[in-house]
Amino acid sequence: MAITYTWNVSTVDTKTIDSNDDVIFNVHWRLNAEDDANQDDEGNNLTAGVYGTQSLDTSDLSSFINFDSVDAATVEGWVETAMGAEAVQGLKDGLDAQIAALITPASVTKQLVA
């Protein structure tokens, strides 16, 4: 399988901490997987997704970045660091399993001909 993973971390919760405005302390994330080697009956690549929230550690703001200067790649890095490599890999493994189940379903629903 040629599966690619894409994060969406565009929704965040902010608050003021000390004199820093708009400190990102919580990220609403979505991780999507797309398999370009396998398609559905309409020719679309098979996909799977998972979503959640991740709290960020705001105890040390010595490298604080103003909200207007934060980009998605930076937030994605914060989320992956906060989750830990093992948890991120677990999410990807779960998405792989969802796609595998689409390729080879454990059961199929059919209609009887009346």
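Caption draft 1: A look at the overall build of the chain. Within the chain, the secondary structure is distributed over two helices and three strands. Reading the chain from its N terminus to its C terminus gives the helix and strand order β-β-β-α-α. Its C-alpha atoms give the chain a radius of gyration of 19 Å, clearly above 13 Å, the size a compact globule of 114 residues would have. Dimensions of the chain, computed from C-alpha atoms along their principal axes, come out at roughly 70 × 30 × 20 Å. The buried share of the chain, reckoned over its 114 residues, is 23%. Within the chain, contacts between residues at least 6 apart in sequence are counted, and of these 63% link residues at least 24 apart. With 4 positive and 19 negative side-chain charges, the chain shows a spacing of 9 Å between the two charge centroids.

Caption draft 2: The arrangement of the environment of Lys-92 in detail. Considering the arrangement of structural elements, one finds Lys-92 in helix α2 (residues 85-103). Distance from Lys-92 to Val-70, taken between C-alpha atoms, is 25 Å for residues 22 residues apart in sequence. Ignoring any residue separated from it by four or fewer positions in sequence, one finds Lys-92 in contact with Tyr-5 and Leu-31.

Caption draft 3: Structural view of the nonpolar core. Residues Trp-7, Val-9, Ile-24, Val-27, Trp-29, Val-75 and Val-79 are the most contacted members of the largest nonpolar core, which totals 19 residues. Of all the secondary-structure elements, those providing two or more residues to this core are β1 (3-17), β2 (20-39), β3 (45-55), α1 (72-83) and α2. Residue contributions to this core peak at five residues, all from β2. In this view, Ile-24 contacts Val-12, Asp-13, Thr-14, Leu-56, Thr-58, Phe-67, Val-70, Val-75 and Trp-78; residues no more than four positions away in its chain are not counted.

Caption draft 4: Representation of the sheet that holds β2 within the structure. What the three strands build is an open sheet, ordered β1-β2-β3; its pairing is antiparallel. Among the strands making up the open sheet, the edge pair consists of β1 and β3. Strand-to-strand twist in this sheet, taken as the mean axis angle between neighbours without regard to direction, amounts to 15°. Relative to β2, β1 is paired through 12 bridges, and the arrangement is antiparallel. Bridge pairing links Tyr-5 to Ala-33 in β2. α1 contacts β1, β2 and β3 of the sheet and is inclined by roughly 90° relative to β1. Against the sheet, α2 makes contact with β1, β2 and β3, and its axis sits at roughly 150° relative to β3, the strand it touches most.

Reading guide: rules and limits
Residues numbered from 1 in each chain as written. Predicted model: local features only at pLDDT ≥ 70, side-chain atom pairs only at ≥ 80, totals over all residues. Heavy atoms only, no water. Helix = DSSP H or I, 4+ residues; strand = E, 2+ residues; numbered from the N terminus. Rg over C-alpha atoms; globule rule 2.2 N^0.38 Å. Buried < 20%, exposed > 50% of the residue type's maximum accessible area, 1.4 Å probe, protein only. Contact = heavy atoms within 4.5 Å. Lys, Arg positive; Asp, Glu negative; His and termini not counted. Charge placed at Lys NZ, Arg CZ, Asp CG, Glu CD. Core = buried A, V, L, I, M, F, W, Y, C linked by side-chain atoms within 4.5 Å. Pairing = 2+ DSSP bridges. Axes fitted to C-alpha atoms, helices over the stretch in contact; angles between N-to-C directions.

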